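If you want the building blocks of each chain, they are given just below.
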Amino acid sequence: MKIVKSEEEWKKELSSQEYYVLREKGTEAPYSGKFNMHFEKGVYICKACGTVLFDSNSKFKSHCGWPSFDQEIVKGRIIEKLDTSHGMTRIEILCANCGSHLGHVFNDGPTKTGLRYCVNSTSLDFVKE
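Notes on the structure in this doc start here. All of these numbers come straight from a predicted model, not from anything done at the bench. (Residues numbered from 1 in each chain as written. Predicted model: local features only at pLDDT ≥ 70, side-chain atom pairs only at ≥ 80, totals over all residues. Heavy atoms only, no water.)

## Looking at the packing of aromatic side chains
Spelled out, the test is: Stacked, edge-to-face and tilted are the three classes for Phe, Tyr and Trp ring pairs, Trp counted by its six-membered ring, which pair at centre distances within 6.5 Å; planes under 30 degrees apart are stacked, over 60 edge-to-face, the rest tilted. Helix and strand definitions follow DSSP, with helices as H or I runs of at least four residues and strands as E runs of at least two, each counted in order from the N terminus.
One pass over the full model with this rule turns up six aromatic pairs. An angle of 45 degrees between the planes, with centres 6.3 Å apart, marks the rings of Phe 35 and Phe 126 as tilted. Here Phe 126 lies in strand S9 (residues 124–128) and Phe 35 lies in the loop between helix H2 (16–22) and strand S1 (42–46), a separation of 91 residues in the sequence. Between Tyr 44 and Phe 69 the ring centres are 5.0 Å apart and the planes differ by 70 degrees, which places this aromatic pair in the edge-to-face class.

Right under this line is the structure:
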């Protein structure tokens, strides 16, 4: 079931940094996120609603400054949306369950999928296997 909340409700539940990234489509500084070089076994979930988004097996070292994955855990957990902000054309990724901003997906991944889901650590939580 999709989660629908007012922005005031989100502001009460999320820290100011989480709200900035998840709800205002912000970006954390590169190489600053706690999951950038994190490689424990488990799953990465949406920080806002807890939806399981990525498996640790799909995570790879991209050296781009943000956690990178080559596929979502189950098709349909992530929504892709054209993003033309900041004078660029990119594909934004959002949690399909709550609509929160996760990051962007690029077609330059080194694995067989060719994808690099570039995700803000602030958008994620981790559940150890």
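## Observations concerning the state of the cysteines
We apply this condition: The term disulfide is used for any two cysteine sulfur atoms that are within 2.5 Å. The classification of residues rests on relative accessible area computed with a 1.4 Å probe and restricted to protein chains. Under 20% of the type maximum is buried, over 50% is exposed, and intermediate values are partly exposed.
Tallying each qualifying case throughout the model produces zero disulfides. Free of any disulfide, Cys 49 has its nearest cysteine sulfur in Cys 95, 3.6 Å distant. On the accessibility criterion, Cys 49 (22% relative accessible area) is partly exposed.

## A word on empty space enclosed by the protein
Our working definition: Buried and open spaces are told apart on a 1 Å grid over the protein atoms alone, a cavity being a set of points where a 1.4 Å probe fits but cannot get out and a pocket being an open set with protein on both sides within 12 Å along at least five of seven lines. Residues with an atom within 4 Å of a point are the lining residues. Grid points are joined across faces, edges and corners, and a volume is the space filled by probe spheres set on the points. In the scheme used here, Gly and all other residues not listed as nonpolar or charged are polar, with Ala, Val, Leu, Ile, Met, Phe, Trp, Tyr, Cys and Pro taken as nonpolar and Asp, Glu, Lys and Arg as charged.
Applying the stated rule across the entire model yields one cavity of 30 Å³ or more. There is about 40 Å³ of room inside the largest cavity. Considering only residue class, the lining of the largest cavity consists of six nonpolar, five polar and two charged.

## A short note on the sheet that holds strand S2 (residues 52–55)
Convention followed: Between any two strands, at least two bridges found by DSSP are needed for them to pair. Here the axes come from fitting lines to C-alpha atoms, over the contacting stretch only for helices, and the angles between their N-to-C directions go from 0 to 180 degrees.
Spatial strand order, S2-S1-S9: three strands in an open sheet with antiparallel pairing. Looking at the sheet topology across the chains shown, the edges are occupied by S2 and S9. If you compare each strand with its neighbour and ignore which way they point, the axes differ by 30 degrees on average. Note that S1 and S2 share three bridges and pair antiparallel. From the neighbouring strand, Tyr 44 faces S2, where its bridge partner is Phe 54.

## Section: the nonpolar core
Where we set the bar: Only buried residues count toward a nonpolar core, which is a set of Ala, Val, Leu, Ile, Met, Phe, Trp, Tyr and Cys residues joined through side-chain atoms within 4.5 Å. Two residues form a contact once any of their heavy atoms are found within 4.5 Å.
Judged by nonpolar contacts, the single largest core of 21 residues is most densely connected at Leu 53, Phe 54, Tyr 117, Val 119 and Leu 124. In contact with Leu 124, not counting residues within four places along its chain, are Phe 35, Tyr 44, Ile 45, Lys 47, Leu 53, Phe 54, Phe 69 and Val 119.

## Considering the environment of Asp 108
We apply this condition: In protein, a polar contact means a hydrogen-donor-capable atom and an acceptor-capable atom, both N or O and within 3.5 Å, with residues adjacent in sequence counting only if both atoms are side-chain atoms; elsewhere, any N or O pair within 3.5 Å suffices.
Along the polypeptide, Asp 108 turns up in the loop between strand S7 (101–106) and strand S8 (116–119). With relative accessibility at 45%, the residue Asp 108 sits in the partly exposed group. Not counting residues up to four positions away in its chain, the partners in contact with Asp 108 are Gly 114 and Arg 116. One polar contact links Asp 108 to Arg 116, side chain to side chain, over a distance of 2.8 Å.

## Details of the side chain of His 38
Mapped onto the secondary structure, His 38 falls in the loop between H2 and S1. Within polar-contact distance, the side chain of His 38 engages the side chain of Tyr 44 at 2.7 Å. Not counting the four nearest positions on each side in its chain, His 38 is found in contact with Tyr 44, Lys 59 and Phe 126.

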